Amino acid sequence: MAFDQTTVAHDDILILGAGISGIGCAAYLSREVPGKTFRILEMRDDLGGTWDLFRYPGIRSDSDLYTFAYDFKPWESENAIAQGDEIKRYIGETADDYGIRDHIHFGRKVIRCDWSSDDGLWTVTTARTEDGTTETWRARWIFSGTGYYDYDKGYRPSFPQEETFTGQIVHPQSWPKDLDTTGKRIAVIGSGATAVTLLPALAQTAAHVVQVQRTPSYVMPVPRKEALRNKLSKVFSDERTARILRRKNIWQQQIIWKLCQKYPKAMRKMIRKANVKMLPDGYPVDEHFNPPYDPWDQRLCAVPGGDLFKRISDGSCSIVTGTMKRFTETGIEMEDGSQVDADIIVTATGLNLKLVGGAAYSVDGKSVTWSDHIIFKGMMLNGLPNFAMSIGYTTSSWTLKVGLLCQYFVRLLAEMDRRGMAVCVPVRPKRDMELRPLLDFGAGYVKRSIDTLPRQGDSYPWEMTFNFREDEKAVKRGKVIEPELRLSPAPNAKTKAA
């Protein structure tokens, strides 16, 4: 049913989510197309997204902040790998720089988004988190900055006889504020970035911390601070220094990833050599740090300053690799009969995927099934008018790709205005197209949900790309309107801007 647009106000863009993607999009809109009206709908009570949600000890980035930061706001801290509170503060500063806080409506969970071709508008229904009251918002465009994680709960498999454990079981995504780890024996189940972050952080107060992993991950020591920064800052301003380091680290990320793809055996040896150097003589490196897959089949775990290796070396942390048999009253029994004693068990077992925050979408009354759609330029979907979503890189800093998507988005809006067009929808070509999973990545959270996600095609602009330099050229100098984009003017109805 069409709404009476002579009386209903609307915005140009509704941004869903006030995390690093949503705030970044708002900043680009403010900078590049200041005449556009926008609002941000955020489920939580504060901005920051991931960096407001996760409160577990040691939470930090696993990418350097020179590349993780926005290109228009260089990272000027000496900490190349930053803690969660520092990243959240940076996002907040960006919001303040561009007056974005006044555009954010907190405590709004998006329930559904419905497109009407008669109106050329999205109607978004939200529920207030404090009382469940529903509200409706209307906009010409939706920019979904919610990422693809489930912010309600993490992945939590059940374990045999876990009810027999007399201690406390904690998931990092729901870390209790009052959890006292002082003098406790802690078992951390998992082998990913969260686990290797938790171990050295918990070791500061715990009696002992044990990582229990079924299979190892690649773990690489990285500098906590950028050594080149001090030298550059003697010659250049802080801003210029940050921009040079950003370019250097972008190049470095690309080189490492390409080497891992082309020479996996050599890179495996290099990583092993770095591990051996950081660990005590005779440590069983091949038992605990030798994954059964090639480097970058899954994301590498960064260890700033080698903190995990240092804690293993001083005996405050240890690793057990093998299959768990069951929980016991006092910890975990392994299949080989060994016992891991624990007062607290942390299930760092990963995340769940939930595209666009789990909201229901429809186009002219027909429900959207995400797996029926193909990604266009890494951000739009065929058949969905005026819809963009942010999915960052998995092989380097997330924000590098999100920044490029936002730059293309504002160029698209400006070009549509120039042509007098208001509606934009990618149309799948008639030729046969080989379809592939959206994320060609071996992480468990991807494998568990890959069938529910959109697909990618076999060639540009229908495929996900992971080369920043090529993507940057396409965004900044490539065509804005591809032949696959269908543009149309606004429906013949008087609209009233909000």
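The shown structure was predicted, so the numbers you read here are calculated from the model rather than taken from an experiment.

1. A few points about empty space enclosed by the protein
The gaps of empty space that remain are located by a probe, the size of a water molecule, rolled over the atoms.
Logical step 1: Enumeration according to the criterion identifies one cavity of 30 Å³ or more in this entry.
Logical step 2: In this model, the largest cavity occupies a volume close to 40 Å³.
Logical step 3: Ser191, Val196, Gln211, Gln213, Ser217, Val219, His288, Phe289 and Ile319 are the residues that line the largest cavity.
Logical step 4: By residue class, the composition of the lining of the largest cavity is four nonpolar, five polar and no charged.

2. A closer look at the sheet that holds strand 13 (residues 324-328)
Logical step 1: Overall, antiparallel pairing links the three strands, which are arranged 13-14-15 in an open sheet. Each end of this open sheet is capped by a strand with a single partner; those strands are strand 13 and strand 15 (339-341). Strand-to-strand, the axes of this sheet are offset by a mean angle of 20°, without reference to chain direction.
Logical step 2: Alignment of strand 14 (residues 331-334) against strand 15, held across three bridges, turns out to be antiparallel. Looking at strand 15, one finds that Ile332 is bridged to Val340.

3. Examining the nonpolar core
Logical step 1: One finds Ile23, Leu29, Val188, Tyr361, Phe387, Phe409 and Leu412 to be the most contacted residues of the largest nonpolar core, which totals 129 residues.
Logical step 2: Counting residues per element, this core draws most heavily on helix 11 (residues 398-419), at twelve residues.
Logical step 3: Setting aside its immediate chain neighbours within four residues, Phe409 contacts Ile13, Cys25, Leu29, Trp141, Phe143, Met379 and Ala388.
Logical step 4: Counting twelve residues, the second largest nonpolar core, distinct from the first, contains Phe165, Val210, Phe327 and Val340.

4. Concerning the layout of surface pockets
Logical step 1: A volume near 690 Å³ is recorded for the second largest pocket.
Logical step 2: Val222, Gln252, Gln253, Ile256 and Ala302 are the residues nearest the centre of the second largest pocket, which is lined by 29 residues in total.
Logical step 3: Among the elements that line the lining of the second largest pocket, the one with the most residues is helix 7 (residues 238-262), at six residues.
Logical step 4: Partitioning the lining of the second largest pocket into residue classes produces 16 nonpolar, seven polar and six charged.

5. Focus on the sheet that holds strand 8 (residues 185-189)
Logical step 1: Across the sheet, five strands lie side by side as 7-16-8-9-12; this open sheet has parallel pairing. Each having just a single partner strand, strand 7 (168-170) and strand 12 (317-321) make up the two edges of the open sheet. Sheet twist, expressed as the mean angle between neighbouring strand axes with direction ignored, is 20°.
Logical step 2: Judged from the four bridges that link them, strand 8 and strand 16 (residues 344-347) form a sheet pairing that is parallel. Along strand 16, the bridge assignment pairs Ile189 with Thr347.

6. Quick look at the pattern of salt bridges
Logical step 1: On inspection of all chains with the given rule, the structure shows 35 salt bridges.
Logical step 2: As a salt-bridge pair, Asp11 and Arg39 come within 2.4 Å of each other at their nearest N and O atoms. Pair noted here: Asp11 is in strand 1 (residues 9-16) and Arg39 is in strand 2 (residues 38-41), with a separation of 28 residues, a long-range link.
Logical step 3: Its relative accessible area of 6% is what places Asp11 among the buried residues.

7. Overview of the pairing of strand 9 (residues 208-213)
Logical step 1: Burial runs high along strand 9: five of the six residues are buried.
Logical step 2: As paired elements, strand 8 and strand 9 share five bridges and run parallel to each other. Along strand 9, the bridge assignment pairs Val188 with Gln211.
Logical step 3: On the question of chirality, the crossover connecting strand 8 to the parallel strand 9 by way of helix 5 (residues 193-202) is right-handed.
Logical step 4: Bridging between strand 9 and strand 12 involves five bridges; their strand directions are parallel. For Val209, the partnering residue across the bridge sits in strand 12 and is Cys317.

8. Section: the packing of helix 11 against helix 13 (residues 468-477)
Logical step 1: Closest axis-to-axis distance for the helix 11/helix 13 pair is 9 Å, and the angle between their directions is 15°. By the angle between their axes, helix 11 is roughly parallel relative to helix 13. In terms of crossing hand, the pair formed by helix 11 and helix 13 is left-handed. Within the contact between the two elements, helix 11 uses Leu400, Lys401, Leu404, Gln407, Tyr408 and Arg411 and helix 13 uses Phe468, Asp471, Glu472, Ala474, Val475, Lys476 and Arg477.
Logical step 2: Here the contact of helix 11 with helix 13 is composed, by residue class, of six nonpolar, one polar and six charged.

9. Examining the packing of helix 1 (residues 20-32) against helix 11
Logical step 1: At a minimum axis distance of 9 Å, the contact between helix 1 and helix 11 shows a crossing angle of 35°. Relative to helix 11, the crossing made by helix 1 is right-handed. Packed against helix 1, whose contacting residues are Ile20, Ser21, Gly24, Cys25, Tyr28, Leu29 and Glu32, the element helix 11 presents Trp398, Thr399, Val402, Gly403, Cys406, Gln407, Phe409, Val410 and Leu413 at the interface.
Logical step 2: Along the lines of polarity and charge, the residues of the contact of helix 1 with helix 11 split into ten nonpolar, five polar and one charged.

10. With respect to the side chain of Glu415
Logical step 1: Examined against the element boundaries, Glu415 turns out to sit in helix 11.
Logical step 2: Beyond its immediate stretch of four places on either side in the chain, Glu415 contacts Val480 and Ile481.

11. Details of the packing of aromatic side chains
Logical step 1: For the structure on display, the rule yields 22 aromatic pairs.
Logical step 2: Aromatic side chains Tyr70 and Tyr90 sit 5.7 Å apart centroid to centroid with 25° between the ring planes, which places their arrangement in the stacked category. Within this pair, whereas Tyr70 is found in the loop between helix 3 (65-68) and helix 4 (84-97), its partner Tyr90 is found in helix 4, the two being separated by 20 residues in sequence. Each member of the pair, Tyr70 together with Tyr90, is buried.
Logical step 3: Through a chain of ring-to-ring contacts, the aromatic side chains of Tyr28, Tyr70, Phe72, Trp75, Tyr90 and Tyr98 assemble into a single cluster.

12. A word on the environment of Gln253
Logical step 1: Inspection of the secondary structure puts Gln253 in helix 7.
Logical step 2: Separated by 52 residues in sequence, Gln253 and Gly305 place their C-alpha atoms 18 Å apart.
Logical step 3: Apart from residues lying up to four places away in sequence, Gln253 is in contact with Asp64, Thr67, Ser396, Ser397 and Leu400.
Logical step 4: Separated by 3.0 Å, the side chains of Gln253 and Asp64 make a polar contact.
Logical step 5: Within the structure, the side chain of Gln253 is placed 2.9 Å from the side chain of Thr67, a separation counted as a polar contact.

Criteria and cut-off values
Residues numbered from 1 in each chain as written. Predicted model: local features only at pLDDT ≥ 70, side-chain atom pairs only at ≥ 80, totals over all residues. Heavy atoms only, no water. 1 Å grid on protein atoms, 1.4 Å probe; cavity = no way out; pocket = protein on both sides within 12 Å on 5 of 7 lines; lining within 4 Å. Points joined across faces, edges and corners; volume = space filled by probe spheres on them. Nonpolar A, V, L, I, M, F, W, Y, C, P; charged D, E, K, R; others polar. Pairing = 2+ DSSP bridges. Helix = DSSP H or I, 4+ residues; strand = E, 2+ residues; numbered from the N terminus. Axes fitted to C-alpha atoms, helices over the stretch in contact; angles between N-to-C directions. Core = buried A, V, L, I, M, F, W, Y, C linked by side-chain atoms within 4.5 Å. Buried < 20%, exposed > 50% of the residue type's maximum accessible area, 1.4 Å probe, protein only. Contact = heavy atoms within 4.5 Å. Salt bridge = Lys/Arg side-chain N within 4 Å of Asp/Glu carboxyl O. Right-handed = clockwise from strand over helix to strand, strands pointing away. Parallel < 35°, antiparallel > 145°, perpendicular 65-115°, else oblique. Left-handed = near helix turned anticlockwise from the far one by under 90°. Phe/Tyr/Trp six-rings, centres within 6.5 Å; stacked < 30°, edge-to-face > 60°. Polar contact = N/O pair within 3.5 Å; in protein donor to acceptor, adjacent residues only side chain to side chain.

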